[in-house]
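# Chains, contacts and geometry: an overview
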Number of protein chains: 2
Amino acid sequence: MSKATYFHAGCPVCVDAERRFVSALDPARYEVEVVDLGRDKGRLAEAKRAGVQSVPALVIDGAPFHINFGAALSALEA
Amino acid sequence: MSKATYFHAGCPVCVDAERRFVSALDPARYEVEVVDLGRDKGRLAEAKRAGVQSVPALVIDGAPFHINFGAALSALEA
């Protein structure tokens, strides 16, 4: 089972990507954790370490994939 | 079975996203077609109609999701 982490910030772009995209991942192979960085700012450092620059983003096996563009991570640090 | 189309142009960003990301989709629910717009320019109009602006992009149920950034679609039309 691989780990995938979906970082978002509750924005419309994020919600749509989660609904259509994250739910499309193979549940037999991927354990998906959903992290709302708007609410859980304690996870910001982890997202940045993984190379996340904007949300929504999906980190699969440690590699960041930015999906469309909702908000820059810097906007969440303010 | 839903249809997902992965549009790419053979760039390193595209190849990485395909390997890690597209292969993570649930094969029980999604039939994935991979289209190389660099070789198959005849599919450019279809990609644009779906709202694709850059590659790599995955179109799921008609909605475009841009993954990271490899190349603008306009660069492929030249």
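For the structure, see preceding data.
Residues numbered from 1 in each chain as written. Chains lettered and ligands numbered in written order. Predicted model: local features only at pLDDT ≥ 70, side-chain atom pairs only at ≥ 80, totals over all residues. Heavy atoms only, no water.

## What to know about unusual backbone geometry
Cis geometry marks the peptide bond from V55 of chain A to P56 of chain A, where omega comes out at 0 degrees. The backbone phi angle of N68 of chain B is positive, close to 45 degrees, even though this residue is not glycine. Within the secondary structure layout, N68 of chain B lies in strand 4 (residues 63–72). (Helix = DSSP H or I, 4+ residues; strand = E, 2+ residues; numbered from the N terminus.)

## With respect to the pairing of strand 4 of chain B
Residue and element names in this part refer to chain B. Pairing of strand 3 (residues 54–60) with strand 4 involves six bridges; the strand directions are antiparallel. Looking at strand 4, one finds that I60 is bridged to A63. Between strand 3 and the antiparallel strand that follows it, strand 4, lie two residues; D61 among them carries a positive phi value of about 50 degrees. (Pairing = 2+ DSSP bridges.)

## Description of the state of the cysteines
Residues and elements named next belong to chain A. If you walk through the whole model with that rule in mind, you get two disulfides over all chains. Two residues share a disulfide in this structure: C11 and C14, whose sulfurs sit 2.3 Å from each other. Judged by the torsion about the S-S bond (60 degrees), the C11/C14 disulfide is right-handed. A residue is classified by how much of its surface remains accessible, and C14, at 0% relative accessible area, is buried. (Disulfide = S-S within 2.5 Å. Buried < 20%, exposed > 50% of the residue type's maximum accessible area, 1.4 Å probe, protein only.)

## Overview of the interface of chain A and chain B
Between chain A and chain B, the residue contacts involve 20 residues of the former and 20 residues of the latter. Between chain A and chain B the total buried area reaches about 1,700 Å² when both faces are included, carbon and sulfur atoms providing 57% of it. Sorting the residues of chain A by area buried against chain B places R20, F21 and F65 of chain A first, and these three jointly supply 36% of that buried surface. For the pair chain A and chain B, the number of links is nine residue pairs in polar contact (both at pLDDT 80 or more). Listed by contribution, the elements that provide at least two residues to the side of chain A that touches chain B are helix 1 (12–20), strand 3 (54–60) and strand 4 (63–72) of chain A. The greatest single-element share of the side of chain A that touches chain B, amounting to six residues, is contributed by strand 4 of chain A. Considering only residue class, the side of chain A that touches chain B consists of 12 nonpolar, three polar and five charged. (Contact = heavy atoms within 4.5 Å. Buried area = accessible area lost by both parts, 1.4 Å probe. Polar contact = N/O pair within 3.5 Å; in protein donor to acceptor, adjacent residues only side chain to side chain. Nonpolar A, V, L, I, M, F, W, Y, C, P; charged D, E, K, R; others polar.)

Scope: geometric values only; no functional claims are made or implied.
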